[in-house]
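Structural features, examined
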Amino acid sequence: MTEATPPTTTTSTTATARGGVSPAGASAGSPARVAEDTGQGRTTIAASVVQKIAGIAAREISGVYAMGGGVSRAFGAIRERIPGGGTGAANIAGVQVEVGEKQAAIDLDIVVEYGASIRELARAVRRNVITAVESMTGLEVIEVNIAVNDIHLPELDDPEDLPAPVVSRVE
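Residues numbered from 1 in each chain as written. Predicted model: local features only at pLDDT ≥ 70, side-chain atom pairs only at ≥ 80, totals over all residues. Heavy atoms only, no water.

Attention now goes to the nonpolar core. Ranked by internal contacts, the top residues of the largest apolar core, which has 30 residues, are V50, I106, L108, I110, V125, V129 and V133. It is helix 3 (residues 118-137) that contributes the most residues to this core, seven residues altogether. Setting aside residues no more than four positions away along its own chain, V133 makes contact with V50, I53, A54, I106, G138 and V141. (Core = buried A, V, L, I, M, F, W, Y, C linked by side-chain atoms within 4.5 Å. Buried < 20%, exposed > 50% of the residue type's maximum accessible area, 1.4 Å probe, protein only. Helix = DSSP H or I, 4+ residues; strand = E, 2+ residues; numbered from the N terminus. Contact = heavy atoms within 4.5 Å.)

Going through the model one piece at a time under the given rule, you end up with one salt bridge. Across the pair E120 and R123 runs a salt bridge whose closest N-O atoms are separated by 2.8 Å. Residue E120 and its partner R123 are located together in helix 3, separated by three residues, close to a single helical turn. Taking the relative accessible area as the measure of exposure, E120 reaches 43% and is therefore partly exposed. (Salt bridge = Lys/Arg side-chain N within 4 Å of Asp/Glu carboxyl O.)

Taking 1.5 Å as the rise per residue, helix 1 (residues 47-59) with 13 residues should run 18 Å; its terminal C-alpha atoms sit 19 Å apart, in good agreement. Among all positions of helix 1, only A47, S48, V50, Q51, I53, A54, G55, A57 and A58 are buried. In this structure, the buried side of helix 1 is in contact with strand 2 (41-45), strand 3 (64-67), strand 4 (95-99), strand 5 (103-113) and helix 3. (Expected span 1.5 Å × (residues − 1).)

This next bit is on helix 3. With 20 residues, helix 3 should cover 28 Å at 1.5 Å per step; its first-to-last C-alpha distance of 28 Å lies within 8% of that length. Residues L121, A122, A124, V125, V129, A132, V133 and T137 constitute the buried set of helix 3. Considered in projection along helix 3, the buried side chains sweep an arc of 165° and stay on one side of the axis. Away from the buried face of helix 3 by more than 90 degrees, exposed residues R119, R127 and S135 are located. Backbone geometry just after helix 3 places G138 at a positive phi near 80°. (Arc of directions from axis to C-beta.)

A surface patch of nonpolar side chains, amounting to about 410 Å² of accessible area, comprises Y114, I118, V148, I151 and L153. Along the chain, V148 turns up in strand 6 (residues 140-152). (Patch = residues over 30% accessible without salt bridge, like charges linked within 9 Å, V, L, I, M, F, W, Y side chains within 5 Å. Areas by Shrake-Rupley, 256 points an atom, 1.4 Å probe, with all protein chains shown as cover.)

A separate point is the side chain of T137. On the secondary structure map, T137 appears in helix 3. According to the relative accessible area criterion, T137 is buried, its value standing at 9%. Within polar-contact distance, the side chain of T137 engages the backbone nitrogen of L139 at 3.1 Å. (Polar contact = N/O pair within 3.5 Å; in protein donor to acceptor, adjacent residues only side chain to side chain.)

What follows covers the confidence of the model for the chain. Across the chain, the average pLDDT comes to 75, with 58% of residues at or above 70. Every residue in residues 2-29 scores below 50 in pLDDT, and together they form 52 contacts with partners more than four places removed in sequence or on other chains. (pLDDT = per-residue confidence, 0-100.)

For the rest of this paragraph, the subject is the packing of helix 1 against helix 3. The contact between helix 1 and helix 3 brings their axes to 8 Å, and the two run at 140°. Classified by the angle between their axes, helix 1 and helix 3 sit oblique to one another. In this structure, helix 1 crosses over helix 3, and the sense of that crossing is right-handed. Here V50, I53, A54, A57 and A58 of helix 1 lie close against helix 3, whose contacting residues are V125, N128, V129, A132, V133, M136 and T137. (Axes fitted to C-alpha atoms, helices over the stretch in contact; angles between N-to-C directions. Parallel < 35°, antiparallel > 145°, perpendicular 65-115°, else oblique. Left-handed = near helix turned anticlockwise from the far one by under 90°.)

Rendered as structure tokens:
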């Protein structure tokens, strides 16, 4: 009598033979990656999952005002207003990932609050993203590249807080 084994699904990957991130990479829209393959089944993690985890972890750090550059934030705001447009991996502004079978590389574009130490902020964001992705997925994060695209000035948030325009005394 033979014992039946549970069915498993297979997923094609572009990872290198040593299990790292491939040169071509796995962008956020790529197929799921193998995170665990045991005798009882296979667990796969989609690149979009890694992208979301990294984005949430980056935003958790005080001093990060927003993710993405100005253009990506503007398109993101428009996309969220379209029914069905606010979902999916491509909608996580400012986060790009490459995921292999065992490793992930992450690129973040952030906007920093004015007054925050960019060096310390980048260090905290990097540490939080690595910890979150590695603990939740089991993938080794080989790098987190951070690009600071802008500085947010809080006094420009509320037009009522801006000083009144100076009126010329002469015509």
